[in-house]
Amino acid sequence: MFEVDAASRKLGIELIELSPGHARMSMVITEDMVNGYAITHGGYVFLLADTTFAMACNSHEDSAVAARCDIRYLRPTKAGDVLVADAVERARFGRNGLYDVSVTCRGELIAEFRGDSRTVAR
């Protein structure tokens, strides 16, 4: 799935680790990813978390998509920072899944993301 994800790959997102129900990915914040306050635009933090969530919920045999997700921004980052996202499966039941994604920078928590997945026919 990640091999054909043009948006994520163009932004330099890298897959660090993948196992059933878990994914870890990273992204370097570039000058093009900061807003008028010279901090990382929240959309890029969300995109990294969402991509990591997608990898975790698709780490099983079934194809899955996001049904709902939200994010809490805790600390700002800036150009040159490396963000690391860790997605962990909390539950799978029927066609549904629940995943938490922690985004860190230099070991500090900068955002928390929660996503609900739904399996779909291939």
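Predicted model, so just to flag it, every value in this text is computed and none were measured. (Residues numbered from 1 in each chain as written. Predicted model: local features only at pLDDT ≥ 70, side-chain atom pairs only at ≥ 80, totals over all residues. Heavy atoms only, no water.)

Novice: Help me out: how do you make sense of the sheet that holds strand 6 (residues 108–120) in this one?
Specialist: Note: strands within a sheet are paired through backbone hydrogen bonds, in either parallel or antiparallel orientation. If you trace the 6 strands from one edge of the open sheet to the other, you get 1-2-4-5-6-3, paired in antiparallel fashion. Looking at strand neighbours, the two that pair on one side only are strand 1 (14–19) and strand 3 (63–73), the edges of this open sheet. Each adjacent strand pair in this sheet contributes to an overall mean axis angle of 20 degrees, direction not counted. By the bridge criterion, 7 bridges tie strand 2 (residues 22–28) to strand 4 (residues 82–93) in an arrangement that is antiparallel. Bridged to Met27 within strand 4 is Leu83. Most of the contacts of helix 2 (residues 42–57) go to strand 2, to which it runs at about 150 degrees, and overall it touches strand 1, strand 2, strand 3, strand 4, strand 5 (96–105) and strand 6. (Pairing = 2+ DSSP bridges. Helix = DSSP H or I, 4+ residues; strand = E, 2+ residues; numbered from the N terminus. Axes fitted to C-alpha atoms, helices over the stretch in contact; angles between N-to-C directions. Contact = heavy atoms within 4.5 Å.)

Novice: Got a minute to help me understand the nonpolar core in this structure?
Specialist: A general trend in soluble globular proteins is that nonpolar side chains are found buried together. Within the largest apolar cluster, 26 residues are counted, with the highest numbers of intra-cluster contacts made by Val45, Leu48, Leu83, Val101, Val103 and Ile110. Listed by contribution, the elements that provide at least two residues to this core are strand 2, helix 2, strand 3, strand 4, strand 5 and strand 6. Broken down by element, the residue count for this core peaks at 7 residues, all from helix 2. Beyond its immediate sequence surroundings of up to four residues, Val45 is in contact with Thr40, Ile71, Tyr73, Leu83, Val103, Ile110 and Ala111. (Core = buried A, V, L, I, M, F, W, Y, C linked by side-chain atoms within 4.5 Å. Buried < 20%, exposed > 50% of the residue type's maximum accessible area, 1.4 Å probe, protein only.)

Novice: How do you make sense of helix 2 when you look at a structure like this?
Specialist: At 3.6 residues per turn, the α-helix brings residues three or four places apart onto the same side. Its 16 residues place the ends of helix 2 22 Å apart at the C-alpha level, agreeing with the 22 Å of an ideal helix rising 1.5 Å per residue. All of the buried residues in helix 2 are Val45, Leu48, Ala49, Thr51, Thr52, Phe53, Ala54, Met55, Ala56 and Cys57. (Expected span 1.5 Å × (residues − 1).)

Novice: When you look at the pattern of salt bridges in this model, what are you seeing that I'm missing?
Specialist: Pairs may arise between side chains of opposite charge once their charged atoms sit close together. Going through the model one piece at a time under the given rule, you end up with 11 salt bridges. One salt bridge in this structure joins Arg92 and Asp62, with 3.8 Å as the shortest N-O distance. With a gap of 30 residues between them, Arg92 in strand 4 and Asp62 in the loop between helix 2 and strand 3 connect regions that are remote in the sequence. Judged by relative accessible area, Asp62 falls into the partly exposed class, the value being 39%. In the salt-bridge network here, residues are joined through shared partners; they are Arg68, Asp70, Arg72 and Asp116. (Salt bridge = Lys/Arg side-chain N within 4 Å of Asp/Glu carboxyl O.)

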